[in-house]
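Examining the three-dimensional arrangement
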Amino acid sequence: MDFNSLIRTIPDYPKAGIQFRDITTLLKDGPGFHAAIEALVQRYRGQTISKIVGIESRGFMFAAPLAYALKLGFVPIRKKGKLPGNTIGHDYELEYGTDRIEIHHGAIEAGEHILIVDDLLATGGTAQAAATLVQKMGGKVVECAFLVDLPDIGGRQRLENEGLPVFALCEFEGD
Ligand code: AMP
């Protein structure tokens, strides 16, 4: 399946100079969406994985069906203030300022093997913050999985330098 052709590029969104890789065009294509989940299922079936963590919000759209197909639990990581129970958070640097992501206290048990899923890897800042949260809870990150990698931005390198394996279904050149 040619996933690149199913992902639409919107120039200058959300601001000038950004090439936004829009996965909603893949999501609305039944065979394309199915093939994307199936490719992830093929990669992770049979691996030692305790739970799948999805990153708000587009990560949920791939993490949840993958967890369902593998009969694994799904755990959301959300932006600050969205989760109703007690949370553990991690602040991380953005290009301008900082952001905070949170996970429910007790969502991951020490020693569990965790697969992190998001739609797209750019700088790797979000995925690295998610991995830090998982590790704070005693979880071991098996891999970080994405639909799209933008290798020229360097996120894969950054995550691999931290000892976090990376997998992506497709890549786009440039930023
Ligand atoms: P980063 O933390 O820089 O790796 O950014 C990853 C997060 O930002 C993902 O959750 C993506 O949904 C979003 N993102 C960053 N850059 C883009 C882009 N060019 N197109 C679409 N989404 C993006």
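Figured I'd write up the structure that's included with this text.

Moving on: the overall build of the protein. Of the regular secondary structure elements, the protein holds 6 helices and 9 strands. Relative to the 2.2 N^0.38 estimate, which gives 16 Å for 175 residues, the radius of gyration of the protein is 15 Å and therefore close to what a compact globule would have. Expressed as a percentage of the 175 residues in the protein, the buried residues total 45%. Intrachain contacts of the protein at a sequence separation of at least 6 include 57% that bridge at least 24 residues. For the protein, the accessible area works out to roughly 8700 Å², and carbon and sulfur atoms hold 49% of it. On the protein, the mean spot of the 18 positive side-chain charges and the mean spot of the 23 negative ones are 6 Å from each other.

Our next topic: the pairing of strand β6 (residues 98-104). With 2 bridges joining them, strand β4 (residues 73-79) and β6 adopt antiparallel strand pairing. Bridging from a neighbouring strand, Arg78 pairs with Glu102 of β6. Hairpin connection between strand β5 (residues 87-93) and β6: a loop of 4 residues separates the two successive antiparallel strands, and Gly97 in this loop has a positive phi of roughly 85 degrees.

This part covers helix α5 (residues 125-136). Here α5 contains 12 residues, and its C-alpha end-to-end distance of 16 Å stays within 8% of the 16 Å for a straight helix at 1.5 Å per residue. Those residues of α5 that fall on the buried side of the exposure criterion are Gly125, Ala127, Gln128, Ala129, Ala130, Ala131, Leu133 and Val134. Residue Gly138 follows α5 closely and has a positive phi angle near 90 degrees.

Rules used throughout
Residues numbered from 1 in each chain as written. Predicted model: local features only at pLDDT ≥ 70, side-chain atom pairs only at ≥ 80, totals over all residues. Heavy atoms only, no water. Helix = DSSP H or I, 4+ residues; strand = E, 2+ residues; numbered from the N terminus. Rg over C-alpha atoms; globule rule 2.2 N^0.38 Å. Buried < 20%, exposed > 50% of the residue type's maximum accessible area, 1.4 Å probe, protein only. Contact = heavy atoms within 4.5 Å. Areas by Shrake-Rupley, 256 points an atom, 1.4 Å probe, with all protein chains shown as cover. Lys, Arg positive; Asp, Glu negative; His and termini not counted. Charge placed at Lys NZ, Arg CZ, Asp CG, Glu CD. Pairing = 2+ DSSP bridges. Expected span 1.5 Å × (residues − 1).

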